[in-house]
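Report on the structure
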Amino acid sequence: MTRGQLLLERRRPEDAAAAFMQVLAQQPDYTEAHFWLALALMQIPDRMKDALVAIEAAIALDPEAPLLHAYRSRILTILRRTREAHQAADSAMHLDPDGNLAYIAKAEVCCEEKQWAEAERYLLIALNREPDDELAGNLMAHTLRMQGKLEQNQATIEKLLAEDPNSCMGHCNAGWSCLQQSRYEDAETHFAEALRLDPEFEAARAGLLESFRARSPIYRSYLKYCFWMQRFTAGRQFIIIIGLIIAVRVLREVLGRISPLAGGLLVFAYIMLVLWVWVASGIGNLVVLCDRKARVALNSGERMEAICVGGGLIAGLCLLGAGVLFGKTPLQMIGITMMVASVPGALAFTNPSPLGRRLFTGMFAAGWALGVMIALSAMGLFEAPVLDTLLGGYILLCVVCTWLGNIPSLRRAPVG
Amino acid sequence: MENLDALRQAVAVSPENVPLLNLLAAACLKAGLGEEAQTHFARVLELDPSQIEAEVGTIEAVRRQGKGSEAVVRAESLCERLPGEGRGWLLRAKLDLAEGAAGAARRWYSKALELDRGLADIALSNEIADAGAPVSEDAKPAPIASGGANAFGMLPPGESMPPTTTSDFGESYRENVDVDFKDVGGMESVKEEIRMKILFPLQNRELFEAYGKKAGGGVLLYGPPGCGKTLISRATAGEIDASFFSIGLHQVMDMWMGQSEQKLHEIFEMARRQRPAVLFFDEIDALAADRRDLRTSAGRTLINQFLAELDGDIAKNDDVLILGATNAPWHLDAAFLRPGRFDRIVFVPPPDCEARAAIVEVMAREKPMTDLDPLAVAKKTEGFSGADLMAVFDQAVDAALEQAMKKGKIVPVTTKDLIRARKSVKPSTKKWFESAKNYALYANQGGLYDEILEYLDIRQ
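Calculation rules
- Residues numbered from 1 in each chain as written.
- Chains lettered and ligands numbered in written order.
- Predicted model: local features only at pLDDT ≥ 70, side-chain atom pairs only at ≥ 80, totals over all residues.
- Heavy atoms only, no water.
- Helix = DSSP H or I, 4+ residues; strand = E, 2+ residues; numbered from the N terminus.
- Buried < 20%, exposed > 50% of the residue type's maximum accessible area, 1.4 Å probe, protein only.
- Contact = heavy atoms within 4.5 Å.
- Areas by Shrake-Rupley, 256 points an atom, 1.4 Å probe, with all protein chains shown as cover.
- 1 Å grid on protein atoms, 1.4 Å probe; cavity = no way out; pocket = protein on both sides within 12 Å on 5 of 7 lines; lining within 4 Å.
- Points joined across faces, edges and corners; volume = space filled by probe spheres on them.
- Nonpolar A, V, L, I, M, F, W, Y, C, P; charged D, E, K, R; others polar.
- Buried area = accessible area lost by both parts, 1.4 Å probe.
- Salt bridge = Lys/Arg side-chain N within 4 Å of Asp/Glu carboxyl O.
- Polar contact = N/O pair within 3.5 Å; in protein donor to acceptor, adjacent residues only side chain to side chain.
- Core = buried A, V, L, I, M, F, W, Y, C linked by side-chain atoms within 4.5 Å.
- Patch = residues over 30% accessible without salt bridge, like charges linked within 9 Å, V, L, I, M, F, W, Y side chains within 5 Å.
- Pairing = 2+ DSSP bridges.
- Expected span 1.5 Å × (residues − 1).
- Arc of directions from axis to C-beta.
- pLDDT = per-residue confidence, 0-100.
- Bend = angle between axes of the 7 residues up to and from the residue.
- Axes fitted to C-alpha atoms, helices over the stretch in contact; angles between N-to-C directions.
- Parallel < 35°, antiparallel > 145°, perpendicular 65-115°, else oblique.

Regarding its fold elements, chain B presents 23 helices and eight strands. Scored against the burial criterion, the 460 residues of chain B give a buried share of 50%. Within chain B, counting contacts between residues at least 6 apart in sequence, those at least 24 apart form 70% of the total. A total of about 22,000 Å² of accessible surface is found on chain B, and carbon and sulfur atoms cover 52% of it.

In structure tokens, the structure reads:
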């Protein structure tokens, strides 16, 4: 057991798991070994389901241990099985009403469900019991920011950093808080510090990238929209989007009766807004890519997104403009194809879901293939009489894509 | 004693629980209750005769009761019945040593280690050596370089070697080095760096000392896994004609308080006795982990011990070159990178084209090959480590074997087969560089990882 624990703290979870399994081979009813095995497995990629099996074996041996239920809840949260995670956290709270880990576990499930107010309530209890708990403190800062309670969020972060100036999570939280308050340079400083402390902290890298993107004023407006939307649960966000669609349709009808041009402009503005929401990240990455110092922060997927989505959209816009200016229909068609293809493109290169990545990359490639066909046809090298129909179909496909993009399994990394 | 009572009560409730009985017997043994231990072990063997632990425990219990002859007879019987069981031989070594038969003890101890290296027992090994067990030929110090003095400019080792030089403990870590830089294909830049940072200072000791610099000391090799850090370390030892000791994490880490530190000290002592020596620590990031990551004070004590050994506080490390290899230099405690410790850092990148071609040639030996073009394979395997190339070969050989079984005759592996197999193997170094890039970009204090940035062609 001790050997396993020593290995675990030396970042050797695989070896530690093997050591705990060795203990279990001798003593299969050793609760502590099952628990430590679960902790080790939690740190190995793609072994979360095995960690669940291990923690459940520990619970079977000692069903009255609140710590085990709290960890079961945390594992289930990571596995996105939130209903069971709630039950496990409730069991932990019931078994040890005075402990704080159960409340943190409960808050984590609430955070996963974007129930920020609920999460805050449980974290308050946890922090009342253990005011110096770093995890609870950081979660609290996060939930406060998500609710737009920026003053309280700032106070929590200041307390966290005063207690531990070398807390990478604290600096990361501070960075996001600054970003939400439009203090972009401060955000950059905090994210850089968080990354200095833990260069593999992905949330900090993503934050640093956002602060680089925010160097572009146009991207800042998108960030503000994102921060506003994130206050709501997924369900409410969906209602807002549906509400916006209905409002645009009603307004178009009303405006169309007064002036058809005004109605058309409204629809155009709406389409541009939708397009912008989808491609903003690609444009932001293009901005970063053009910055010699900042571009190193991009990973290969983000670079591809910058080139194919950001670059593709701008090239498409230029071709569309040139087509209109010179009255060349094929140029307009290629421009439109490249512009709409940037919607699936935005979901292709940085998508953590393998299925989503394959699907949207296929859609993006189909768009560019269509663009090539139009170009070849215009040069007389290719006979394709139904190109305009194909373009219409492709635009429709990209509209469908905006709906598919809201399906979580096509946007999130698989867990297990 | 409270534990013992608790175990007794538990056994009373569950008298046929073998693991519990084993635990109780071991606890009795530890408490010096040999007779009771023997009774419990006997019960274990009644319930499950295949329990070697209980057999060994019984002999130990008998020995503790002062019945040496009975213990010897039982141990001989165990070794006869189960000659592949190292613990039996280890026990025989202890018993023979107690009887004053150091030579036999040494033989049995060697036999035990042959069967299971994990049975290394420093105290026993030293006791055998102190008892004057004969020195075996292969345990003698490394040969002296031409001209009477070796590359370290040391006196012939035999003159200053204490008798414990040949302890079996050392033998379990010692490797015969039969490679030097000529045997390492490619990697010219790494070799040149090692020549300048390690070999030249050792071969020109006076020159260095004139500038107030010391030769020897610690060198850290880092890079992606499977890229030849161990090989280049062995070759370095071969270049300076020194004894080479390879130490892994599992050989040092011990669950008992203070034992890891003791083992580490013994390892350094062993190298000091057999100088000139190269002490190679694989996966050094685990042994020299960042103290902020360690929850237990025991872990920190081991690190303090390691630092003290490196500094030469306990004994001088003259002519002992300490090499550390790691895939994760960023997890090392910063104290290890200070001057006088691992202050020379060498980046070992994935093998270059020439090195890959050499690896392919080596791997192709003793396999039915036809039309082998190592360079063509090397060109198609950019970013592949030695381990990845091994996987390519495995895939190609499996495919050829399948064909051979269908046709009933040997089907040779071709260059095309290797290139085809390459498509199904992803270079493992890619993932390493993804992590390394982050450290090089965001935590590159003092330009520690500049070579990674250079390799990735990133200019900040």
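Now, onward.
To continue, consider empty space enclosed by the protein. One pass over the full model with this rule turns up one cavity of 30 Å³ or more. Put simply, the largest cavity is a space of about 40 Å³. Glu9(A), Arg10(A), Arg11(A), Arg12(A), Asp285(B), Ala289(B), Asp290(B), Asp293(B) and His331(B) together form the lining of the largest cavity. Considered class by class, the residues forming the lining of the largest cavity number one nonpolar, one polar and seven charged.

Taken residue by residue, the interface counts 28 residues in chain B and 23 residues in chain A. Here chain B and chain A share an interface that buries about 2,600 Å² over both sides, 51% of which is from carbon and sulfur atoms. The interface formed by chain B and chain A holds two salt bridges in total. Across the pair Arg12(A) and Glu283(B) runs a salt bridge, and its minimum N-O distance is 3.1 Å. The tally of links between chain B and chain A comes to eight residue pairs in polar contact (both at pLDDT 80 or more). Listed by contribution, the elements that provide at least two residues to the side of chain B that touches chain A are α2 (18-30), α14 (249-252), α16 (284-287), α17 (297-311) and α22 (429-442) of chain B. Ranked by residues supplied to the side of chain B that touches chain A, first place goes to α22(B) with six residues. Looking at the side of chain B that touches chain A residue by residue, the classes come out as 14 nonpolar, seven polar and seven charged.

Core analysis: the largest hydrophobic core is formed by 140 residues, its most contacted members being Leu279(B), Phe281(B), Phe306(B), Phe336(B) and Ile452(B). Element by element, the count of residues in this core is highest for helix α16 (residues 260-289) of chain A, at nine residues. In contact with Phe336(B), not counting residues within four places along its chain, are Ala288(B), Ile303(B), Phe306(B), Leu307(B), Leu310(B), Arg341(B) and Phe342(B). In this structure, Ile194(B), Val219(B), Ile240(B) and Leu323(B) belong to the second largest nonpolar core, which totals 25 residues.

Below, the discussion takes up a nonpolar patch on the surface. Residue and element names in this part refer to chain A. Side chains of Phe238, Ile395, Val399 and Trp403 sit close together on the surface and give an oily, nonpolar patch of about 370 Å² of accessible area. Broken down by element, the nonpolar patch gets its largest block of residues, three residues, from helix α20 (residues 387-404). Among the secondary structure elements, Trp403 is positioned in helix α20. Residue class for Trp403 comes out partly exposed when judged on its relative accessible area of 42%.

Counting through the fold element by element, Gly88(B) comes out in helix α6 (residues 86-98). The sequence separation of Gly88(B) and Lys111(B) amounts to 23 residues, and the corresponding C-alpha distance is 9.9 Å.

Right, let's talk about the pairing of strand β6 (residues 344-347) of chain B for a bit. All names here are of chain B. Residues Arg344 and Val346 line one face of β6 and the alternating positions Ile345 and Phe347 line the opposite face, and both faces are buried. Judged from the four bridges that link them, strand β2 (residues 217-222) and β6 form a sheet pairing that is parallel. Of the residues in β6, the one forming a bridge with Val219 is Arg344.

Residues and elements named next belong to chain B. If you walk through the whole model with that rule in mind, you get 39 salt bridges over all chains. Taking the shortest distance from any N to any O, the salt bridge between Arg43 and Glu46 comes out at 3.0 Å. Pair noted here: Arg43 and Glu46 are both in helix α3 (residues 34-47), with a separation of three residues, about one helical turn. For Arg43, a relative accessible area of 27% corresponds to the partly exposed category.

Residues and elements named next belong to chain B. Over its 14 residues, helix α5 (residues 68-81) runs 20 Å from end to end, which matches the ideal 20 Å to within 8%, given 1.5 Å per residue. Buried within α5 we find Gly68, Ala71, Val72, Ala75, Leu78 and Cys79. Buried residues of α5, seen end-on, are gathered within an arc of 125° and therefore sit on one face of the element. Across α5 from its buried face, at more than 90 degrees, point the exposed residues Ser69, Val73 and Glu80.

Next up on the list: the confidence of the model for chain B. Residue and element names in this part refer to chain B. On average, residues of chain B carry a pLDDT of 78, and 83% of them reach 70 or more. Taken as a whole, residues 134-169 scores under 50 in pLDDT and shows 68 contacts with residues more than four places along the chain or in a different chain. If you check the scores for this complex, the pTM reads 0.70 and the ipTM reads 0.78.

What follows concerns the pairing of strand β3 (residues 243-247) of chain B. Residue and element names in this part refer to chain B. When you tally the buried positions in β3, you get five out of five residues, the bulk of the element. The side-chain alternation of β3 yields two buried faces, one formed by Ser243, Phe245 and Ile247 and the other by Phe244 and Ser246. The pairing of β3 with strand β4 (residues 277-281) spans five bridges and is classified as parallel. Following the sheet pairing, Phe245 is matched in β4 by Leu279.

Residue and element names in this part refer to chain A. Relative to the assigned elements, Ser177 resides in helix α11 (residues 168-180). At 2.6 Å, the side chain of Ser177 forms a polar contact with the side chain of Asn153. Leave out the neighbours within four places in its chain, and Ser177 touches Arg145, Asn153, Gln154 and Ile157.

Residues and elements named next belong to chain A. Positionally, Tyr394 belongs in helix α20. The spatial distance from the C-alpha of Tyr394 to the C-alpha of Thr337 is 7.9 Å, given a sequence separation of 57 residues. Setting aside anything within four residues of it in sequence, one finds Tyr394 in contact with Thr337, Val340, Ala341, Pro344, Met363, Phe364, Ala366, Gly367 and Leu370. Within the structure, the side chain of Tyr394 is placed 3.3 Å from the backbone nitrogen of Gly367, a separation counted as a polar contact.

This next bit is on unusual backbone geometry. In this model, Lys114(A) sits at a positive phi of 60°, which is unusual for a non-glycine residue. Located in the positive-phi region is Asp371(B), a residue other than glycine, with phi close to 55°. You can see Asp371(B) is positioned in the loop between β7 (369-370) and α19 (374-379). Owing to a relative accessible area of 65%, Asp371(B) belongs among the exposed residues under this scheme.

Let us look at helix α17 (residues 300-326) of chain A. Residue and element names in this part refer to chain A. Between its terminal C-alpha atoms α17 stretches 37 Å, which fits the 39 Å expected from 27 residues at 1.5 Å a residue. At Gly312, α17 shows its strongest bend, of approximately 30°. Of the positions making up α17, those classed as buried are Gly301, Glu302, Glu305, Ala306, Cys308, Val309, Gly310, Gly312, Leu313, Gly316 and Gly323. Buried-residue contacts for α17 involve α13 (202-213), α16, α18 (329-346) and α19 (354-378). For α17, the capping residue at the N-terminal end is Asn299, with a side-chain oxygen 3.2 Å from the backbone nitrogen of Gly301. Directly beyond the C-terminal end of α17, a positive phi value near 65° is found at Gly327.

In this section: the side chain of Ser233(B). All names here are of chain B. Position of Ser233 among the secondary structure elements: in helix α13 (residues 229-239). On the basis of relative accessibility, which here comes to 0%, the residue Ser233 falls in the buried class. Ignoring anything within four residues of it in the chain, the contact list for Ser233 reads Leu221, Phe244, Phe280 and Leu323.

This part is about the packing of α18(A) against α19(A). All names here are of chain A. Packing of α18 against α19 leaves a shortest axis separation of 8 Å and a crossing angle of 175°. In terms of orientation, α18 and α19 fall into the roughly antiparallel class. Facing α18, whose interface residues are Pro330, Met333, Ile334, Thr337, Met338, Ala341, Pro344 and Gly345, α19 presents Phe360, Met363, Phe364, Gly367, Trp368, Leu370, Gly371, Ile374, Ala375 and Ala378.

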